[in-house]
Amino acid sequence: MFGGFELVVLAGLLLLIAGGVFWAVTASRRNRVAQPPLPRRLEGTAERLPRADAAQVLPQQFDPRSSQSETGPSPTDTTAAEGTRATADAYNLDLRARADAYSIERQAKADALMEAARVARIDAEAEVRARRAEMREQRLDLERREQRLADREERLDTEARALDDKARQLEELKSDLKLQRKALAGNEAEHQQALERVAGLTAEQAKAELVAAVEHDAKRQAVLVARDIERQAIREADAKAQSIVVGAIQRVASEQTSESVVSAVHLPGDDMKGRIIGREGRNIRSFEQVTGVNVMIDDTPESVLLSCFDPVRRETARMTLTELVRDGRIHPARIEEVHERSKSQIEEQCLRAAEDALAEVGISDLHPALIPILGTLRYRTSYGQNVLKHLIECAHIAGLMAAELQLDVAQCKRAAFLHDIGKALTHEVEGSHAIIGADLARKYGEHPDIVHAIEAHHNEVEVRTVEAVLTQAADAISGSRPGARRESLEAYVQRLERLEEIAGAREGVDKVFAMQAGREIRVMVAPDVVDDIEAQVLARDIAKQIEEELTYPGQIRVTVVRESRATETAR
């Protein structure tokens, strides 16, 4: 039996055969119209007798013998008879030719129809065989899949039976374990009853007596230790406090970089400046618009300067420009792409720096929203001191002082570590960084004592807690220790020049040397103009003028050197 698809194929083939037949009939009709018509009196005869002789179908008047006279042929009659016979012969030939052509045409049409039907039948049979083979393959595939499913179901049944057996074994083991526990509990109770009979006390009474004895001994030892600690603290309070403060300064001291609002980017050649500027300044305008940083290109060989007061934006722009110079492709679309990638890298670096800082000070429960804000302080400086390192120093110093004063070390370290967090938002929010930081800490659920220590570390709010006092002290120690804060390069050079001008304007001064980064001035005077007493007066006057005119961290030592030289020549 044929399937649905095979029936559709057979129907299509039958339609194709019918169309071929229709086309052949139509072509036959067109050919028949194109042929010249037979004489009307001979059409039926030609069809009935395609091979008939012209003499049999011509009318009687075309017989040349009928036109002869009984008296005998005349020359004129003979000529006419011959013409009539020729005409009849020509007509018979034409009639036979048309009959043969018609027969051949009908035979050709029949052969064409039979050939088309044969080809269509062959194609249909081939299609049917292909569909049967395909269905046979599908049937075999389905049988294989059913076999695999059956095998899988059998394996699953086997595994399920194995699991049931294991579950049954586990239940038996649980039952045995319960029985063993009951037996052990009974043995333990019997053992405890035997001990109680021997000691004359119940287990609760013996436990209470033991706890009371241990508590009494612990209280006695604690009182003795506390008294010794108190006496020792009273004896060594001042010396120990000074030692702790000095030790804290030494332990957390670290190098700082000078504050700057300008970053330099090295170029492989001066021709790169033209590519940075771009055609009609297109690239440099796009760079400044995307990064928010001013690009300064001057005559300095193989370098450009990036200027911005926001250190995070400036560092992002520096990384962007460095990547563009290294890649060599500089155009607006590329600038935006590299800038977005640099922003992502800066955010990752800030987050990593904040996590490292929290791990260093031992804080693990800070709100996640505060961590990236803390990380931005990696690129902030205050008088040349890195703010994030300053917070780490303050936390260590406050923790050491809190431990010495028997206070909550974790609370004091946390307050000191978060006291300058508002500096991360001073570019976005108006107001003092202490108030901004306190609002930020309050928003993210910090303890009220921590919030108060943050807002009071610059005395903008009256100090009310010990944590706030320690935060102020740690901030002052970290900021005022030697080498913690430095000035910008321009201010540093100006201060050195002014120091030499103040000392060099005095009478009798020969040479002036500013040494140790401006923390000491050595004044060389002429010994025949300035004596020893005048040298002391000169040192005091120079120091007084420096105090009145200059602003500087720490102290400046003024040393006046007066030499007396005796020279003699041996002859």
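Look a little higher up for the structure.
Heads up: these notes are all about the structure in this document.

How each quantity is defined
- The residue numbers shown here count from 1 along each chain, following its written sequence.
- The predicted nature of this model means local features are confined to residues of pLDDT at least 70 and side-chain atom pairs, given and counted, to a pLDDT of 80 or more, with totals for whole chains, interfaces and linings taken over all residues.
- Computation of side-chain values: all heavy atoms of the structure, hydrogens and water removed.
- Pairs of strands are assigned from DSSP output, requiring at least two bridges between the strands.
- Strands here mean DSSP runs of E at least two residues long; helices mean DSSP runs of H or I at least four residues long; both are numbered from the N terminus.
- Note on geometry: axes are lines fitted to C-alpha atoms, helical ones only across the stretch in contact, with angles between N-to-C directions running from 0 to 180 degrees.
- Throughout, a residue-residue contact means that at least one pair of heavy atoms, one from each residue, lies within 4.5 Å.

Topic: the pairing of strand S7 (residues 520–525)
Where strand S6 (residues 509–515) meets S7, six bridges bridge the pair, whose relative direction is antiparallel. What sits directly across from Phe-513, in S7, is Arg-522. With six bridges connecting them, S7 and strand S8 (residues 557–562) associate as parallel partners. Across the sheet, Met-524 pairs through a bridge with Val-561, a residue of S8.

Observations concerning unusual backbone geometry
One non-glycine residue, Gln-406, lies in the positive phi region at around 60°. Mapped onto the fold, Gln-406 is located in the loop between helix H11 (387–404) and helix H12 (409–418). Positioned with a positive phi, Asn-459 is a non-glycine residue whose angle comes to about 60°. When you line up the elements, Asn-459 lands in the loop between helix H14 (448–455) and helix H15 (466–480).

Some details on the sheet that holds strand S1 (residues 262–266)
Strands belonging to one sheet form pairs held by backbone hydrogen bonds; the direction of such a pair is parallel or antiparallel. Here we have three strands laid out as an open sheet, ordered S1-S3-S2, and antiparallel in their pairing. In this open sheet, the two strands that pair with only one neighbour each are S1 and strand S2 (294–296). This sheet shows a mean twist of 30° between the axes of neighbouring strands, independent of strand direction. Pairing of S2 with strand S3 (residues 303–307) involves three bridges; the strand directions are antiparallel. Counterpart to Asn-294 in the pairing with S3 is Ser-307. This element, helix H8 (residues 311–327), spans S1 and S3 of the sheet and lies at about 10° to S1.

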